[in-house]
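# Coordinate analysis (summary)
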Amino acid sequence: MKRISLGATLVLSTYLTACDNPPRVPELRQGDGLSGPETSEGGVSGSTGWSENFAAFEAFEAEAYADPDSSEADLSEIQGLLPDFVSVSWDEQSYDETTGATAFENLRITINTEPAFGVAMDEARVWGFEDDLLIARLNGERFEETGRVFDRLEADGYSLFGAAGAMEAVFDVMEAQMGADAPSEVAFGVNQFDMTVESTVTGPLTLRPFEYVPLSDEQYAQLTGMLEIETEDLEAEGTDGLQVLRLAQQVIAVGRAVEIERGSARNMEMTLEIDTPEVSQSVSYTLDFYGYEGLSGYDMGGIYYSGMRQQQGMSFDGEALEAEGVYPDGLNVDQLVTADYMSYEDIRLDTLAGFLARSEFPGLDQRDLISLGQSVVSNYSYQLGGSDVFRVAEMSVKADEFEWLLPEAISVDMQGVAVYPGEIGETVLSFLPSGEDEEMEAVRSDIAAGIDLLDEHGLSEIPADIQTAMTWNKDSGETEFSFAAQAEGFGERIARLGITLPPYDPIAAAAEQGELDSAFEGLFETHFSFNGARLYESDDGGYDKLFAYLHALGQQHESEGWGATLAGMPPEDLRQFIAVMTRSAKGRVQDQFPQAVDWIEAVAAYFETSGGSLDIRLDPPSPLTPDDIEELARANDMEAWVEQFGISVTHTPE
């Protein structure tokens with residue numbers, strides 16, 4: 001008879017108390033192939049519908065739920081079946097016949113290690129609780145069945161207890177395994193590990209079939225051989241790799257057995273503080289509200305967050321690090337990440353998880369295997385030392401198109417990006433030694449002076465909208481990588497590469513015959529082709545800002561060779577210098593590659609005057625195979641290269 005082990009039981013307990021598992025995005029705007037359009041077009045990728053989603057979850061949470069037909073819940077039989085290391089307790093139990101709710105005061109699920117830890121709820125209310133299938137599962141029975149556990153679970157005052165002590169006990173075990181002869185003694189002190197949630201609502205919860213086939217000795221040997229893992233080394237360290245993998249399989253299997261229609265939580269706070277002799281670390285995480293729906297094993301219809309704030313601090317003691325002469329005041333790092341709203345939708349990993357739990361590997365006939373979903377983040381900011389380093393008004397990621405494990409399309413769209421070079425410079429300064437070293441102090445002074453010039457030259461904030469994407473056509477193998485960025489007051493950039501890779505069917509055929517590794521080179525030679533590439537940029541004042549900044553920086557360092565050179569070149573002179581240096585290459589290519597003369601002139605003219613654009617394209621009349629490229633290389637015919645690759649370099653004045 002199969003039974004669920006410790007790790008799996010812990011996971012099941014967590015699901016029964018509060019499900020804390022965590023996006024919809026518009027399509028990334030694509031150009032008309034590698035040859036067009038002339039420029040890219042940015043635009044806001046709106047997270048329309050998120051407010052409606054939150055309204056629905058808030059209504060779900062606030063609902064005055066009642067089910068008079070719900071009978072009183074009885075946890076006593078479950079108590080008797082749990083292993084000794086797990087216990088369920090409560091102070092008082094009551095039943096409201098009008099609403100059908102069974103309420104438990106101070107409900108606690110405790111893991112009876114030394115020290116003990118677990119989760120507690122000031123009050124938990126449950127409706128429609130059915131324990132027969134759950135009891136059968138704990139007895140190792142009825143794994144193939146599906147059945148409801150409860151209709152709704154509400155918990156107020158959800159919190160962890162004893163977590164700091166439990167984590168410190170884990171660190172004690174790690175230290176003991178390191179031994180007295182370890183290169184450096186590590187002493188962890190977990191001062192605090194707290195998590196509280198004001199309220200959670202979950203339901204309905206259903207148990208799905210439990211599928212678990214332990215990895216065999218033969219499969220383990222094949223896996224470690226493929227990954228080139230020395231099992232003898234693991235055994236010497238006291239690690240039973242096979243049992244670790246089997247435990248992981250059980251945890252996966254328990255997670256797959258849980259299905260929840262909808263859940264929500266409000267006002268979550270987590271704090272963690274860890275000390276070593278050299279470093280003190282703290283992490284705090286708060287979340288105003290989140291909701292999730294459509295959880296079915298490792299598939300998730302959607303999860304939505306609002307009001308996220310994550311702060312991490314690290315303090316390095318200079319004396320303990322034996323570096324007080326370099327860092328007399330120690331070294332402090334303070335990071336803060338915030339976001340107003342986040343969503344993550346259409347995650348599909350349950351089918352893949354099922355294969356892992358059953359000790360199987362998904363064949364390439366499992367074409368609709370995974371989706372990494374779609375996500376949106378609004379008003380994201382990253383701060384260091386209390387100052388903004390990076391901000392995004394809205395970012396969307398789309399990664400929901402896969403064929404087997406091969407991505408068909410992945411895109412990232414960021415609107416309202418802002419990068420702050422000055423704050424990045426200040427961060428660099430904070431990491432530089434600040435002792436009595438005169439040479440290092442000079443370096444610090446130079447960086448500080450460079451930072452002071454940024455605002456004067458319009459470089460204190462660099463705005464942008466950015467789009468990047470990868471697409472692979474499973475039928476034809478045509479693949480494109482693209483990047484585009486638009487920065488008001490600076491300019492625009494486009495980069496594209498088009499190639500053909502093997503399509504899906506021949507890859508699947510080779511894998512089915514067990515010849516994928518050996519067949520890869522042949523598949524590549526048969527199907528690869530170069531379809532085109534493009535580099536485009538336009539100047540909207542970005543080079544004026546950069547050249548003026550370099551000139552001012554040179555004036556601050558006129559005593560140095562590079563500084564004197566830049567100090568003697570105002571922006572217009574620096575443009576002329578770049579143009580002259582570029583044109584100097586004409587003589588070297590005139591005889592052997594006359595077509596390049598016009599290209600060099602186009603590049604020189606672009607940098608010579610403010611504004612305008614430069615467009616470099618490789619646009620072959622037909623895709624170039626490896627044989628085509630090899631034949632061109634043997635012929636050493638530059639005119640043929642230009643014609644076959646469709647090379648063009650175009651400067652368009654402002």
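Heads up: the structure comes first, above all this text.
Residues numbered from 1 in each chain as written. Predicted model: local features only at pLDDT ≥ 70, side-chain atom pairs only at ≥ 80, totals over all residues. Heavy atoms only, no water.

### Digging into the nonpolar core
Grouped together as the largest cluster of nonpolar side chains are 52 residues, with contacts concentrated most on Ile78 and Phe129. Top contributing element to this core by residue count: strand β8 (residues 258–275), with seven residues. Ignoring any residue separated from it by four or fewer positions in sequence, one finds isoleucine 78 in contact with Phe129, Asp131, Leu134, Ile135 and Leu138. (Core = buried A, V, L, I, M, F, W, Y, C linked by side-chain atoms within 4.5 Å. Buried < 20%, exposed > 50% of the residue type's maximum accessible area, 1.4 Å probe, protein only. Helix = DSSP H or I, 4+ residues; strand = E, 2+ residues; numbered from the N terminus. Contact = heavy atoms within 4.5 Å.)

### A short note on unusual backbone geometry
The omega torsion across glutamate 114 and proline 115 is 5°, close enough to zero to call that bond cis. By the element assignment, proline 115 lies in the loop between β3 (101–111) and β4 (117–127). With an omega of -15°, the peptide bond running from glycine 203 to proline 204 counts as cis. By secondary structure assignment, the location of proline 204 is in strand β7 (residues 189–207). The phi dihedral of asparagine 106 falls on the positive side, at around 55°, and the residue is not glycine.

### Re the pattern of salt bridges
By the definition in use, this model includes 34 salt bridges. A salt bridge links arginine 583 to glutamate 601, with the nearest nitrogen and oxygen atoms 2.9 Å apart. A residue pair is termed long-range when its members are at least 10 positions apart, and arginine 583 in helix α16 (residues 571–583) and glutamate 601 in helix α18 (residues 595–608) qualify at 18 residues. When its relative accessible area of 27% is taken as the criterion, glutamate 601 is described as partly exposed. Residue lysine 586 is joined to glutamate 601 by a salt bridge in which the shortest nitrogen-to-oxygen separation is 2.6 Å. With lysine 586 in helix α17 (residues 586–589) and glutamate 601 in helix α18, this pair connects stretches of sequence that are 15 residues apart. Salt bridges sharing partners connect three or more residues here, namely Glu63, Glu123, Arg125, Arg152, Glu154 and Asp156. (Salt bridge = Lys/Arg side-chain N within 4 Å of Asp/Glu carboxyl O.)

### A short note on the environment of leucine 566
With respect to the helices and strands, leucine 566 occurs in helix α15 (residues 561–567). In this structure, the C-alpha to C-alpha distance between leucine 566 and glutamine 555, residues 11 residues apart in sequence, is 7.2 Å. Not counting residues up to four positions away in its chain, the partners in contact with leucine 566 are Leu550, His551 and Gly554.

### Section: the side chain of glutamate 345
Locating glutamate 345 in the fold gives a position in strand β11 (residues 331–348). For glutamate 345, a relative accessible area of 13% corresponds to the buried category. Among the polar contacts made by the side chain of glutamate 345, one reaches the side chain of tyrosine 304 at a distance of 2.5 Å. (Polar contact = N/O pair within 3.5 Å; in protein donor to acceptor, adjacent residues only side chain to side chain.)

### Some thoughts on a negative patch on the surface
Judged by side-chain charge, Glu228, Glu230, Glu232, Asp233, Glu235 and Asp240 come together as a negatively charged surface patch. With respect to the helices and strands, glutamate 235 occurs in helix α7 (residues 231–236). Exposure remark for glutamate 235: the relative accessible area of 57% places this residue in the exposed category. (Patch = residues over 30% accessible without salt bridge, like charges linked within 9 Å, V, L, I, M, F, W, Y side chains within 5 Å. Areas by Shrake-Rupley, 256 points an atom, 1.4 Å probe, with all protein chains shown as cover. Lys, Arg positive; Asp, Glu negative; His and termini not counted. Charge placed at Lys NZ, Arg CZ, Asp CG, Glu CD.)

### Things to note about the packing of helix α6 (residues 217–226) against helix α8 (residues 241–256)
Describing two packed helices takes the angle between their axes plus the distance from one axis to the other. One can describe the packing of α6 onto α8 by two numbers: an axis separation of 11 Å at closest approach and a directional angle of 105°. Taken together, the axis directions place α6 and α8 in an arrangement best described as roughly perpendicular. Here Asp217, Tyr220 and Leu223 of α6 lie close against α8, whose contacting residues are Gly241, Leu242, Leu245 and Arg246. Classifying every residue of the contact of α6 with α8 by side-chain character gives four nonpolar, one polar and two charged. (Axes fitted to C-alpha atoms, helices over the stretch in contact; angles between N-to-C directions. Parallel < 35°, antiparallel > 145°, perpendicular 65-115°, else oblique. Nonpolar A, V, L, I, M, F, W, Y, C, P; charged D, E, K, R; others polar.)

### Focus: the pairing of β3
Burial of β3 is extensive: eight of the 11 residues sit out of reach of the surface. Bridge count for strand β2 (residues 92–96) against β3 is five bridges, and the pairing is antiparallel. Following the sheet pairing, glutamate 92 is matched in β3 by glutamate 105. The antiparallel hairpin formed by β2 and β3 contains four residues in its connecting segment, where glycine 100 sits at a positive phi of about 80°. Judged from the nine bridges that link them, β3 and β4 form a sheet pairing that is antiparallel. (Pairing = 2+ DSSP bridges.)

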